[in-house]
Amino acid sequence: MTDTSDYTPPAIWTWQKENGGQFANINRPVAGPTHEKVLPVGQHPLQLYSLATPNGVKVTVMLEELLALGHAGAEYDAWLIPIKEGAQFGSGFVDVNPNAKIPALMDRSGPEPIRVFESGAILLYLAEKFGALLPTTMPQRAECLSWLFWQMGSAPFLGGGFGHFYAYAPIKIEYAIDRYAMEVKRQLDVLNRRLAESPYLAGDDYSIADIAVWPWYGALVKGQLYGAGEFLQVHEYTHVVAWADKIAQRPAARRGRIVNRNWGDASSQLPERHDASDFDKVPAK
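Residues numbered from 1 in each chain as written. Predicted model: local features only at pLDDT ≥ 70, side-chain atom pairs only at ≥ 80, totals over all residues. Heavy atoms only, no water.

Caption draft 1: The arrangement of the side chain of E65 in detail. Here E65 is to be found in helix α1 (residues 54–68). The exposure class assigned to E65 is buried, which follows from its relative accessible area of 4%. There is a polar contact of 2.8 Å between the side chain of E65 and the side chain of R250. Excluding anything up to four places from it in sequence, E65 contacts L133, Y206, I211, R250, A252 and A253. (Helix = DSSP H or I, 4+ residues; strand = E, 2+ residues; numbered from the N terminus. Buried < 20%, exposed > 50% of the residue type's maximum accessible area, 1.4 Å probe, protein only. Polar contact = N/O pair within 3.5 Å; in protein donor to acceptor, adjacent residues only side chain to side chain. Contact = heavy atoms within 4.5 Å.)

Here you go:
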């Protein structure tokens with residue numbers, strides 16, 4: 001292994017804005033808003049403020065699945081939050097999510113608005129609110145929640161770890177890429193072994209566990225994340241690939257994955273969603 005740096009950490013760390021990297025202009029070591037910005041509010045009970053990153057896709061897929069199941073109360077407005085422009089640091093957004101990360105949800109269906117932030121918390125909140133996509137009996141419920149929280153704990157190693165150092169860091173650091181590539185392949189093996197014995201993560205039925213994991217690891221094994229499919233040899237995880245393909249065929253998943261997306265082919269973009277008819281405006285692929 002080559003040593004790419006002779007850096008020695010100082011006694012006290014200080015913020016150097018010029019450190020570079022794709023997200024240097026929005027990363028900072030303090031919380032709170034940077035500017036005043038009131039969030040828009042649409043006509044539906046649920047107001048989602050998001051972007052179609054894997055964490056954002058979890059929630060739009062969940063909402064579309066709920067609507068497909070006939071839960072009319074799951075109608076929602078999805079507002080675009082362009083994070084590279086720092087929109088997540090507007091005062092209105094920070095009021096909904098003090099952590100200033102997408103996605104963030106406001107439920108205005110009751111007498112008092114309820115804010116919900118962190119994608120796993122939103123999935124669990126919606127599943128319990130509508131009584132859907134979450135097993136109600138043990139041990140299936142415990143299995144579902146275990147895989148949901150597995151995703152929440154594991155994906156930072158994939159995104160902030162491997163994805164950052166492989167695709168976004170201003171310099172390539174062999175140690176960092178090797179460290180996180182090893183961990184991501186281990187995670188894929190965990191999933192592959194589970195899906196070899198079970199059609200879905202929680203058992204026989206599709207659930208919020210699958211909805212949480214699919215936008216991250218489903219995209220990864222289909223070569224859609226970080227351009228790293230060949231590097232990680234993702235085709236080897238055959239059970240994960242088959243599971244990813246199966247979910248990708250669900251109409252609600254196909255709809256949910258394009259909501260709040262404003263890049264790529266026009267057929268894959270629906271930057272804002274305020275009515276089911278908005279999907280009709282998306283050009284055919």
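Caption draft 2: Looking closely at the nonpolar core. Counting residues in each nonpolar core, the largest one holds 69 residues, and the members touching the most others are I208, Y217 and W243. Counting residues per element, this core draws most heavily on helix α6 (residues 208–221), at 10 residues. Contact partners of Y217, with chain neighbours within four places excluded, come to W150, S154, A155, L158, Q187, L188, L191 and V240. I81, I83, F93 and A104 belong to the second-largest nonpolar core, a separate cluster that totals 11 residues. (Core = buried A, V, L, I, M, F, W, Y, C linked by side-chain atoms within 4.5 Å.)

Caption draft 3: Structural context of the packing of helix α3 (residues 119–130) against helix α4 (residues 140–168). With their axes 9 Å apart at the nearest point, α3 and α4 run at an angle of 155° to one another. For the element pair α3 / α4, the angle class is roughly antiparallel. Residues S119, G120, L123, L124 and E128 of α3 form the contact with α4, whose participating residues are R141, L145, L148 and M152. (Axes fitted to C-alpha atoms, helices over the stretch in contact; angles between N-to-C directions. Parallel < 35°, antiparallel > 145°, perpendicular 65-115°, else oblique.)

Caption draft 4: Here's a closer look at the packing of aromatic side chains. One pass over the structure, following the stated rule, counts 10 aromatic pairs. Seen in terms of ring centroids, W147 and W150 are 5.5 Å apart; in terms of plane orientation they differ by 65°. Their pairing is edge-to-face. Within this pair, W147 and its partner W150 are both found in helix α4, separated by three residues, close to a single helical turn. Judged on exposure class, the residue W147 and its partner W150 are both buried. (Phe/Tyr/Trp six-rings, centres within 6.5 Å; stacked < 30°, edge-to-face > 60°.)

Caption draft 5: Structural context of the pairing of strand β3 (residues 104–107). By the alternation rule, side chains of β3 split into A104 and M106 and L105 and D107, which are all buried. Two elements, strand β1 (residues 46–50) and β3, share four bridges in a ladder whose sense is antiparallel. By the bridge assignment, Y49 is partnered in β3 with A104. Relative to strand β4 (residues 114–117), β3 is paired through four bridges, and the arrangement is antiparallel. (Pairing = 2+ DSSP bridges.)

Caption draft 6: Inspection of the side chain of Q88 at higher detail. In this structure, Q88 sits in the loop between β2 (76–80) and α2 (91–96). By relative accessible area, which is 5% here, Q88 ends up buried. Q88 has contacts with I26, I81, P82, I83, F93, V94 and A100, leaving out every residue within four places of it along the chain.

Caption draft 7: Region of interest: the pattern of salt bridges. Scanning all chains against the criterion turns up 13 salt bridges. In this structure, R273 engages E64 in a salt bridge whose closest nitrogen and oxygen atoms are separated by 3.3 Å. You can see R273 sitting in the segment after α9 (251–256) and its partner E64 sitting in helix α1, a full 209 residues away along the chain. Here R273 and E64 have matching classes, each one buried. Residue E197 pairs with R194 through a salt bridge whose shortest N-O separation is 3.1 Å. With a gap of three residues between them, E197 and R194 both fall in helix α5 (residues 174–197), about one helical turn apart. On the accessibility criterion, E197 (61% relative accessible area) is exposed. Among the charged side chains, a salt-bridge network with shared partners connects E64, E75, R255 and R273. (Salt bridge = Lys/Arg side-chain N within 4 Å of Asp/Glu carboxyl O.)

Caption draft 8: Quick peek at the sheet that holds β1. The four strands lie next to each other as β2-β1-β3-β4, forming an open sheet whose pairing is mixed. Of all strands in the sheet, those bounded by a partner on one side alone are β2 and β4. Across the sheet, the mean angle separating the axes of adjacent strands is 20° when strand polarity is ignored. Judged from the five bridges that link them, β1 and β2 form a sheet pairing that is parallel. Looking at β2, one finds that L46 is bridged to Y76. Most of the contacts of α1 go to β1, to which it runs at about 155°, and overall it touches β1 and β2. Sitting on the sheet, α3 is in contact with β1, β3 and β4, with an inclination near 130° to β4.

Caption draft 9: Spotlight on unusual backbone geometry. In the segment running from I102 into P103, the intervening peptide bond is cis, with an omega of 0°. Relative to the assigned elements, P103 resides in the loop between α2 and β3. M138 connects to P139 through a cis peptide bond whose omega is 5°. Topologically, P139 is positioned in the loop between α3 and α4. Despite not being glycine, E118 has its phi angle at roughly 80°, a positive value. By secondary structure assignment, the location of E118 is in the loop between β4 and α3. For Q233, which is not glycine, the phi torsion reads 50° and is therefore positive. With respect to the helices, strands and loops of the structure, Q233 is situated in the loop between α7 (229–232) and α8 (238–248). Q233 sits in the partly exposed class, given a relative accessible area of 29%.

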